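Tertiary structure, described
The residues making up each chain are set out below.
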Protein chains: 2
Amino acid sequence: MIKFADRMNLLKGSAIRELLALANKPEILSFAGGMPAPELFPIDKIKAATEAVLNEQGEVALQYSSTNGFEHFRQQIADRMAQKLQIKTTADNILVTSGSQQGLDFSARVFVNPGDTIIIESPSYLGALNAFKACEPNFVAVPTDDNGMIMEELEKVLATDDKVKMIYVIPDFQNPSGRTWPMERREKFMEIVNKYEIPVIEDNPYGELRFEGEYLPALKSMDTKGLVVFLGTFSKIFAPGYRLGWVCADGEILKKYNFLAQAASLQPSTDAQLICSKFIDMFDLDEHVATIKANYAKRRDAMINTMEREFPPEAKFTHPNGGLFTWVELPDYIDTKVMADECLKQNVAYVPGEGFFPNGEQKNCLRLNYSKLNEEQIEKGMTILANVIKANLK
Amino acid sequence: MIKFADRMNLLKGSAIRELLALANKPEILSFAGGMPAPELFPIDKIKAATEAVLNEQGEVALQYSSTNGFEHFRQQIADRMAQKLQIKTTADNILVTSGSQQGLDFSARVFVNPGDTIIIESPSYLGALNAFKACEPNFVAVPTDDNGMIMEELEKVLATDDKVKMIYVIPDFQNPSGRTWPMERREKFMEIVNKYEIPVIEDNPYGELRFEGEYLPALKSMDTKGLVVFLGTFSKIFAPGYRLGWVCADGEILKKYNFLAQAASLQPSTDAQLICSKFIDMFDLDEHVATIKANYAKRRDAMINTMEREFPPEAKFTHPNGGLFTWVELPDYIDTKVMADECLKQNVAYVPGEGFFPNGEQKNCLRLNYSKLNEEQIEKGMTILANVIKANLK
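So, here's what we can say about the structure. (Residues numbered from 1 in each chain as written. Chains lettered and ligands numbered in written order. Predicted model: local features only at pLDDT ≥ 70, side-chain atom pairs only at ≥ 80, totals over all residues. Heavy atoms only, no water.)

Turning next to the overall build of chain A. Scanning chain A from N- to C-terminus turns up twelve helices and 14 strands. The C-alpha atoms of chain A give a radius of gyration of 21 Å, which matches the 21 Å a tight globule of 394 residues would have. Based on the C-alpha atoms only, the size of chain A along its principal axes is roughly 60 × 55 × 55 Å. By the burial criterion, 67% of the 394 residues in chain A qualify as buried. Intrachain contacts of chain A at a sequence separation of at least 6 include 75% that bridge at least 24 residues. Each charge sign in chain A was given a centre, from 43 positive and 54 negative side chains, and these centres are 3 Å apart. (Helix = DSSP H or I, 4+ residues; strand = E, 2+ residues; numbered from the N terminus. Rg over C-alpha atoms; globule rule 2.2 N^0.38 Å. Buried < 20%, exposed > 50% of the residue type's maximum accessible area, 1.4 Å probe, protein only. Contact = heavy atoms within 4.5 Å. Lys, Arg positive; Asp, Glu negative; His and termini not counted. Charge placed at Lys NZ, Arg CZ, Asp CG, Glu CD.)

A separate point is the sheet that holds strand S14 (residues 365–369) of chain B. Residue and element names in this part refer to chain B. Spatial ordering of the open sheet is given by S10-S11-S14-S13, a layout of four strands whose pairing is antiparallel. Edge positions in the sheet fall to strand S10 (316–317) and strand S13 (351–352), since each of these pairs with one other strand and no more. Judged from the two bridges that link them, S10 and strand S11 (residues 325–329) form a sheet pairing that is antiparallel. When the sheet's bridge partners are listed, Lys 316 is paired in S11 with Glu 329. (Pairing = 2+ DSSP bridges.)

Turning chain B through 180° and shifting it by 0.0 Å along the axis lays it on chain A, with an RMSD of 0.0 Å. When the rotation and shift are considered jointly, the pair of chain copies conforms to a two-fold rotation axis. Interface overlap between copies is the fraction of interface residues in one copy that are interface residues in the other; for chain B against chain A it reaches 100%, indicating a shared surface. (Least-squares fit on C-alpha atoms with pLDDT ≥ 70 in both.)

According to the stated counting rule, one finds 48 salt bridges over all chains in the structure shown. The salt bridge partner of Glu 212 of chain A is Arg 300 of chain A, with a shortest N-O separation of 2.7 Å. One end of the pair, Glu 212 of chain A, is in the loop between strand S7 (200–203) and strand S8 (228–233); the other, Arg 300 of chain A, is in helix H10 (residues 285–310), with 88 residues separating them in the sequence. Between Asp 145 of chain B and Arg 185 of chain B there is a salt bridge whose closest N-O contact spans 3.0 Å. (Salt bridge = Lys/Arg side-chain N within 4 Å of Asp/Glu carboxyl O.)

Residue and element names in this part refer to chain A. Note that the residue after Asn 175, namely Pro 176, is joined by a cis bond; omega there is 15°. Here Pro 176 is to be found in the loop between strand S6 (164–169) and helix H7 (183–196). Despite not being glycine, Arg 243 shows a phi value in the positive range, around 55°. Positionally, Arg 243 belongs in the loop between S8 and strand S9 (244–248).

Throughout the structure, instances matching the rule amount to 28 aromatic pairs over all chains. For the pair Phe 311 of chain A and Phe 317 of chain A, a centre-to-centre distance of 5.9 Å together with 90° between the ring planes defines the contact as edge-to-face. For Phe 311 of chain A, a relative accessible area of 8% gives the class buried. On the accessibility criterion, Phe 317 of chain A (17% relative accessible area) is buried. With a centroid separation of 5.4 Å and 55° between ring planes, the pair formed by Phe 279 of chain B and Phe 283 of chain B is classed as tilted. The class for Phe 283 of chain B is partly exposed, based on a relative accessible area of 23%. An aromatic cluster is defined as three or more aromatic residues linked by ring pairs; in this entry it consists of Phe 238, Tyr 242, Phe 279 and Phe 283 of chain A. In this structure, Lys 256 of chain A is placed above the aromatic ring of Phe 4 of chain B, and the distance from its NZ or CZ to the ring centre is 5.1 Å. (Phe/Tyr/Trp six-rings, centres within 6.5 Å; stacked < 30°, edge-to-face > 60°. Lys NZ or Arg CZ within 6 Å of the ring centre and 35° of its normal.)

Before going further, it helps to examine the interface of chain B and chain A. Every contact between the two is made by 77 residues of chain B and, on the other side, 77 residues of chain A. Interface of chain B and chain A: buried area, both sides summed, is about 6,700 Å²; carbon and sulfur atoms make up 58% of it. For the pair chain B and chain A, the number of links is two salt bridges. Residue Arg 109 of chain A is joined to Asp 105 of chain B by a salt bridge in which the shortest nitrogen-to-oxygen separation is 2.8 Å. Inspection of the region where chain B meets chain A yields 26 residue pairs in polar contact (both at pLDDT 80 or more). Breaking the side of chain B that touches chain A down by element, the ones donating at least two residues are helix H2 (43–62), helix H4 (99–111), helix H5 (126–133), helix H8 (251–265) and helix H9 (270–282) of chain B. (Buried area = accessible area lost by both parts, 1.4 Å probe. Polar contact = N/O pair within 3.5 Å; in protein donor to acceptor, adjacent residues only side chain to side chain.)

Residue and element names in this part refer to chain B. Contact geometry for H2 and H9: axes closest at 8 Å, N-to-C directions at 125°. In terms of their interaxial angle, H2 and H9 are classed as oblique. Here H2 and H9 pass one another in a crossing that is right-handed. Note on element contacts: H9 touches H2 through Thr 270, Asp 271, Leu 274, Ile 275, Lys 278, Phe 279 and Met 282, opposite Lys 45, Ile 46, Ala 48, Ala 49, Thr 50, Ala 52, Val 53, Glu 56, Gln 57, Val 60 and Ala 61. (Axes fitted to C-alpha atoms, helices over the stretch in contact; angles between N-to-C directions. Parallel < 35°, antiparallel > 145°, perpendicular 65-115°, else oblique. Left-handed = near helix turned anticlockwise from the far one by under 90°.)

Taking 1.5 Å of rise per residue, 26 residues should cover 38 Å, and H10 of chain A covers 37 Å from first to last C-alpha, within 8% of that figure. The backbone nitrogen of Asp 286 of chain A lies 3.0 Å from a side-chain oxygen of the residue at the head of H10 of chain A, namely Asp 284 of chain A. (Expected span 1.5 Å × (residues − 1).)

All names here are of chain A. Structurally, the position occupied by Asn 204 is in the loop between S7 and S8. A polar contact is formed between the side chain of Asn 204 and the backbone nitrogen of Gly 207, at a distance of 2.7 Å. Those residues within four positions of Asn 204 in sequence are excluded, and the remaining contacts are Leu 85, Asp 172, Phe 230, Leu 231 and Gly 232.

Before going further, it helps to examine the environment of Ile 304 of chain B. Residue and element names in this part refer to chain B. Secondary-structure assignment places Ile 304 in helix H10 (residues 285–310). For Ile 304, a relative accessible area of 7% translates into the label buried. In this structure the C-alpha to C-alpha distance between Ile 304 and Thr 318, which are 14 residues apart in sequence, comes to 8.8 Å. Those residues in contact with Ile 304 that lie beyond four places of it in its chain are Phe 317, Thr 318, His 319, Pro 320 and Thr 326.

On to the sheet that holds strand S5 (residues 148–149) of chain A, then. Hydrogen bonds between backbone atoms are what pair the strands of a sheet, whose relative direction is either parallel or antiparallel. Residues and elements named next belong to chain A. In space, the eight strands of this open sheet follow the order S2-S9-S8-S7-S6-S3-S4-S5, with mixed pairing throughout. The strands lining the two open edges of the sheet, one partner per strand, are strand S2 (94–98) and S5. Examined bridge by bridge, S2 and S9 share five bridges and lie antiparallel to one another. Counterpart to Val 96 in the pairing with S9 is Trp 246.

All names here are of chain B. Looking at the element boundaries, Ser 177 is found in the loop between strand S6 (164–169) and helix H7 (183–196). Relative accessible area serves as the criterion here: at 2%, Ser 177 is assigned to the buried category. Within the local environment of Ser 177, its side chain forms a polar contact with the backbone nitrogen of Arg 179, the two atoms lying 3.2 Å apart. If near-sequence neighbours (up to four positions away) are discounted, Ser 177 is found in contact with Thr 318, Phe 325, Thr 326 and Trp 327.

This brings us to the packing of helix H2 (residues 43–61) of chain A against H2 of chain B. Here H2 of chain A crosses H2 of chain B at 160°, and the two axes come no closer than 11 Å. Judged by the angle between their axes, H2 of chain A and H2 of chain B are roughly antiparallel. As for the relative orientation of H2 of chain A and H2 of chain B, their crossing is right-handed in sense. Here Ile 43, Ile 46, Lys 47, Thr 50, Leu 54, Asn 55, Gly 58 and Glu 59 of chain A of H2 of chain A lie close against H2 of chain B, whose contacting residues are Ile 43, Ile 46, Lys 47, Thr 50, Leu 54, Asn 55, Gly 58, Glu 59 and Leu 62 of chain B.

In short, the description is geometric, and any link to function would need to be established separately.
Following this line, the structure appears as structure tokens:
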């Protein structure tokens, strides 16, 4: 009889991944994934960048390379963080990862022993919870309101739980809720964190995708004690297929991530780094991001407008100013997992909310993505969803 | 004060990676890495395959894709395993990974709790030991002879240690020793493993690079109980920059690897899989492997011939029939770490053997790679090394 390690008891197939497999049929209107709009990928420019890389440095692009990533690429990342998120950092503080999912996996492995506490927002990103579970943590979910994590509740946990080893947050256009923490919430958070000196994982895959309002500084930009580990990604602003993310952290912490990266996968893709880097040198990534944002904003509007028109008043939903998701809360008696099957029969898919709560505490929520489908498809799908919701009301 | 998880205490920077950084200067003749010859990369064909992928299915290539990998690619891998290694398997038994290093990391995480025993060959691959250390195991190193792991010694360990959860072996052109297990050793091994029913990680990055003699069947091909997890890679037969490896395992075991893959990095690169897959469809990978083998065989000859001519009789070395490495054993009183500094001053680099023993038990060995440098460089470098060795003799 083969015995598996204890950590494997907690790992199950991700609900999203299984659902994505189902929702992959062409006839399904899927609000389930977190996928960029494929028709907006800058394929011609990527072709040009790829050709340039293989012509100019093919032998380098195909060979092994360093664990932390190419210096020029890390410098481009550092520059972008300064420009977009007011984070002053250097190439030396960057570790390129195989997608930011790898940064999530590394985070728990660097900080968390079995039984240690990880503080998360309630709800929080399912993929992060799944990554952290491999370290057998105890999750403490801090309640949120429309402005993100409630700081009084956070402080209560920190004051009473001495096993907290890590706080995981997504302050910008959170997955799944679409909510963004306002400035004062960020300041208060850093005040608390500085008092307790607990490492913070700031996951920021959507920060650049702001449709309106002003950019807010990242937590990392206010970090005076080297407590914040910032996770970034090219998946939403460039292309997810390359699996390029990064960790930005200070001295000793980044060193630990680097050791783990050597052990876990040696290095990120050489080729992908050079292509992305060359794209940034040859073309205007900002222009591409502006195109994405303009399109996603219209799609967000199509979704919100249809919900406002078609959803019954019992269904509450968030109004994101950026990112990829909105979050719907239905009356307590509706189990959105059961309702998902009804929707799938009508060729509409979403992600049930249960997986975004570490202990499945709420069954009446669902996450909707608006980046993948066009406005017409969104309106059609949301109208079907609205009717299913209405049919489920008591 | 930030606290790190216990598992991080064991992880240090890999000696190879640090040395590679030093040995990267153009004036250094480096036998240190395990890098393919860059001038043999099929760059033009890769350009054609890449162009075809971006033209024909650009939107797919840049998007998220499944955790286990594209079915057509997994089928190509399964076909190749049948053809080259006599392993009868299906696409469903393959999980594509981000390099086979990720397969090593997953292996320990799937099977090993802190304090559990991992059996390895003595010496064994430093990168594997490093990956496994993150699971805080107890290593038991089984002695080897010129035919690989000594089976009587393996059986002694299994009979007395009830905490063995995994056996890690490289039966073909082992890293670092270059040795290959003959058929009878393989049969005896499977007999023992079947008796104790312990999972085996068969790491096979070099199996296809046989210069002479007949291919021997992989352990996985003799596996009647689903105990063997086979790790393969495109790094040595195609290009390491893409980070493409795979795990081949049976039902329940592969499922666990898949769960872990979802948590650890979601999926391997979409783009890299399609390029490699297209390359195999468009061109003859066997022909490319034949070119590599012909070149590496000449380089192996240059190395062995120079060693036979220049090395003092006190230096023993292996005679590999394939793969990338030979292994040198010097008199007990020579510390090859100290000697490495002397060599570096004369612009020659190798990897000291100490890191290939989990507890650093032997300091008088070194690993030499012959795939990266040409014959002239090899002869020059080996002559310098021979002189340094002679100067270190008592």
